[in-house]
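Here is how the chains run, residue by residue.
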Amino acid sequence: MASITYKNASCIYEGSDKLAVDSLNLDIKDGEFIVLVGPSGSGKSTALRMLAGLEDIDEGAIEIGGKDMTGVPSKDRDIAMVFQNYALYPNKTVAENMGFALKLRGVPADERRRKVEEAAKILDLTEYLDRKPAKLSGGQRQRVAMGRAIVREPQVFCMDEPLSNLDAKLRVQTRTQIAALQRRLGTTTVYVTHDQVEAMTMGDRVAVLKFGKLQQFASPSELYDRPANAFVAGFIGSPAMNLITVPVTADGVQVGSSPMKLEREQRGLIGDLKEVTVGVRPESLELTTDPDGIEVTVDLVEDLGSEAYVYTHASGGVELVARSNPRTAPKLGDTVRLSRNADAVVHLFHPVSGERLG
Amino acid sequence: MTATLESGVAAKKKPRKFSPWGVVAWIAAIGFFFPVFWMVLTAFKQEGDAATSPPKLFFTPTLDQFGAVFDQGIGPSMLNSLFATGMSTLLVLLLGVPAAFALSLRPVRKTQDALFFFMSTKMLPIVAAILPLYVIVSNIGLLDNIWALVILYTAMNLPIAVWMMRSFFLEVPGELLEAASLDGASLWRSVREVILPLVSPGIAATALICVIFAWNEFFFAVNLTAVNAQTMPVYLVGFIAGEGQYWAVLSAAATMSALPVILCGWFAQNKLVRGLSFGAIK
């Protein structure tokens, strides 16, 4: 177990002039579960592979437990990794797969067997120990990959989208299992995913990356409540936050044909900008009969059973999504009015840079 | 219970349907196999039976011709061929496996150029190079020496072997190497314990191809060897020239020269058929 520090760590791929990871700074405490999240090409996997020693640290440094890992080969870093495709050794049995690292370290056979059986018990793999990976289901392979990692009791777990090859139901199940297992073992974990739901539900803290640059590194609730910029605001939360760039008026903004008032304090943050990007989550908007509401036309209604999402556009093409009761949801083409509900939060971002205002 | 099981098995059998392609396949198969069958059959005949027209299908088999082949000194040629084939194949694998690994899983700089270079060595017809080769072999004093053939067969098979094995190595996911290195394995250990077991069917297939090519090679052998280093193909040709009328003894010699390759194929069969099964990764 150890803390991890990324110090201006950068990585550039050969033949490319863009940094895959651009001076990343992260301070990860001992025992923390950190999720790196971002769209494809954001450098999240590269950042993880730099930690594991599978990519070079071209600039800056990465420290594990206070020791600089630059130039240290992965086999000497005491890191266990769970790969997206599991990378199980096809010619070895489940037990051999899980015990390979111990064997390489010269752990005697009986102790090895004991540790493997212990891990197998935790992961419900005991009856499969003598099978080859090809004879296992996807979920079982995933657990073997986890088992291979935990048997070693490493300083750090690295997980590179370990759930993306599972079907939706199993993914949700395994998600909670992994999080619970990590809490129990207390091993510092860096987890990469493109799925913001995984990031929100699993991580103690989440680092959002885009184009190799860190956007925000904070707890899930802070990411949700106070996104640092428009990208994080749009990335975290499902369905995504409404982000509309609209003209500024004297006491608020103009959405299509309807004015939208802002609190004085928030209006002050905008200053003398002509336009501003307003962010409102769909769950903060509701259908209303109030004539002051924003007038919109319904494009699509997504009924999820417990709730419905109404996709709409205001005149001028500004698109807004609102949550609604599925029983009273409007129909396609209806003209309705939207208003903010009581505890709605309005986020304001700079229209060009996307940085949070206030 | 038994009844349902049986009916289950019966239901799985497809009804036999006549297919014209089946007939074509059989004709082709018999067409390919017949000369071999005829050669083996003739090898067990007396010279008198072998020369009849129309040919005899039923006769009293004899091992006389095989005895005659041994009496006429097939031994040294057989040993030469075995040595040249075995040694060159061994060298090809020793040099080719690391090369294929470097050109697939651990791509080095200029991989494409290296691959093209390997292929380009096969573009020049051997006939065009035989004179300089002869001069070189003669100057280093390896004329009629089996090591000349070992070196040439190694050089001849190496490009094909590297290309072939590279395609097998490419099937192995690179993540396996990464996983092994994170598990604490050195490169050598991960190659030996993780990669080689997976590509062994491919290596066996490659080795078989090398054995076949080296065993059947005639052009180098006929030009660069005489008595001491003579190989089986050259020995066989000697038979035709000297004893052209004796079909049975020639067939016996030819059968014996074909035997080692068939045996190799038989042993490699298991590995070849098993193929590459990466069920766990894909």
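Every value quoted in this text rests on a predicted model; they were computed, and no experiment measured them.

### Some remarks on the pairing of strand 3 (residues 33-37) of chain A
Residue and element names in this part refer to chain A.
So, step 1. Summarising burial for strand 3: five of the five residues are buried, a large majority.
So, step 2. Here strand 3 shows a buried face lined by Phe-33, Val-35 and Val-37 and a second buried face lined by Ile-34 and Leu-36.
So, step 3. Relative to strand 8 (residues 188-193), strand 3 is paired through five bridges, and the arrangement is parallel. Residue pairing in the sheet places Val-35 in a bridge with Tyr-191 of strand 8.
So, step 4. Relative to strand 9 (residues 205-210), strand 3 runs parallel, the two sharing four bridges. If you follow Val-35 over to strand 9, its bridge partner there is Val-206.

### Some remarks on the sheet that holds strand 15 (residues 285-288) of chain A
All names here are of chain A.
So, step 1. Ordered by their spatial adjacency, five strands build an open sheet running 15-19-16-17-18, and the pairing between neighbours is antiparallel. Edge strands, defined here as strands with exactly one partner in the open sheet, are strand 15 and strand 18 (319-324). Within the sheet, the average angular offset between the axes of one strand and its neighbour, ignoring direction, is 50°.
So, step 2. Sheet topology note: the strand 16 (residues 294-303)/strand 19 (residues 335-340) ladder contains four bridges and is antiparallel. Paired with Ile-294 across the strands is Leu-338, a residue of strand 19.

### Quick look at the interface of chain B and chain A
So, step 1. Of the residues lining the interface, 20 residues belong to chain B; the matching set on chain A comes to 22 residues.
So, step 2. Elements represented by at least two residues in the side of chain B that touches chain A include exactly helix 9 (174-182) and helix 10 (187-216) of chain B.
So, step 3. For the side of chain B that touches chain A, the element with the most residues is helix 9 of chain B, which contributes six residues.
So, step 4. Looking at the side of chain B that touches chain A residue by residue, the class counts come to eleven nonpolar, five polar and four charged.

### Focus on the environment of Lys-115 of chain A
All names here are of chain A.
So, step 1. One can find Lys-115 in helix 3 (residues 109-122).
So, step 2. Looking at Lys-115, the number of C-beta atoms within 10 Å reads 18, which means it is partly exposed.
So, step 3. Sequence-wise, Lys-115 and Gly-71 are 44 residues apart; in three dimensions their C-alpha atoms are separated by 31 Å.
So, step 4. Discounting residues that sit within four places of it in the chain, Lys-115 has contacts with Leu-102 and Val-151.

### Let's talk about the environment of Gly-256 of chain A
Residues and elements named next belong to chain A.
So, step 1. Looking at the element boundaries, Gly-256 is found in the loop between strand 12 (252-255) and strand 13 (258-261).
So, step 2. Accessibility expressed as a C-beta count within 10 Å gives 20 for Gly-256, which makes it buried.
So, step 3. Excluding residues that lie within four positions of it along the chain, Gly-256 makes contacts with Ile-294, Glu-295, Ala-314, Ser-315, Gly-316 and Val-318.

### Re the sheet that holds strand 20 (residues 347-349) of chain A
Residues and elements named next belong to chain A.
So, step 1. Taken in spatial order, the three strands of this open sheet run 11-14-20, and their pairing is antiparallel. Two strands in the sheet have a free side with no partner beyond their single neighbour: strand 11 (242-247) and strand 20. Across the sheet, the mean angle separating the axes of adjacent strands is 30° when strand polarity is ignored.
So, step 2. As defined by bridge partners, strand 11 adjoins strand 14 (residues 275-280) across six bridges and the pair is classed as antiparallel. When the sheet's bridge partners are listed, Pro-247 is paired in strand 14 with Glu-275.

### Observations regarding the packing of helix 5 (residues 75-102) of chain B against helix 10 of chain B
Two measures define how a pair of helices packs: the angle their axes make with one another and the distance between the axes.
Residue and element names in this part refer to chain B.
So, step 1. Relative orientation of the contacting elements helix 5 and helix 10 amounts to 140°, with a least axis distance of 9 Å. Here helix 5 is positioned oblique relative to helix 10, judged by the angle of their axes. Along this stretch, helix 5 crosses helix 10, giving a crossing that reads as right-handed. Residue-level contacts link Ser-81, Ala-84, Thr-85, Ser-88, Thr-89, Val-92, Leu-93, Val-97 and Phe-101 of helix 5 to Val-191, Ile-203, Ala-207, Cys-210, Val-211, Ala-214 and Trp-215 of helix 10.
So, step 2. Considered class by class, the residues forming the contact of helix 5 with helix 10 number twelve nonpolar, four polar and no charged.

### Let's talk about unusual backbone geometry
Residue and element names in this part refer to chain A.
So, step 1. With an omega dihedral of -5°, the bond running from Ser-238 to Pro-239 counts as a cis peptide bond.
So, step 2. Unusually for a residue other than glycine, Ser-23 sits at a positive phi of about 30°.
So, step 3. Examined against the element boundaries, Ser-23 turns out to sit in strand 2 (residues 19-28).
So, step 4. Even without glycine at this site, Glu-153 takes up a positive phi of about 50°.
So, step 5. You can see Glu-153 is positioned in the loop between helix 4 (138-151) and strand 7 (156-160).
So, step 6. By the C-beta count within 10 Å, which is 15 here, Glu-153 ends up partly exposed.

Analysis parameters
- Residues numbered from 1 in each chain as written.
- Chains lettered and ligands numbered in written order.
- Predicted model: local features only at pLDDT ≥ 70, side-chain atom pairs only at ≥ 80, totals over all residues.
- Buried ≥ 20, exposed ≤ 12 C-beta atoms within 10 Å, placed from the backbone.
- Helix = DSSP H or I, 4+ residues; strand = E, 2+ residues; numbered from the N terminus.
- Pairing = 2+ DSSP bridges.
- Axes fitted to C-alpha atoms, helices over the stretch in contact; angles between N-to-C directions.
- Contact = placed C-beta atoms within 7 Å.
- Nonpolar A, V, L, I, M, F, W, Y, C, P; charged D, E, K, R; others polar.
- Parallel < 35°, antiparallel > 145°, perpendicular 65-115°, else oblique.
- Left-handed = near helix turned anticlockwise from the far one by under 90°.

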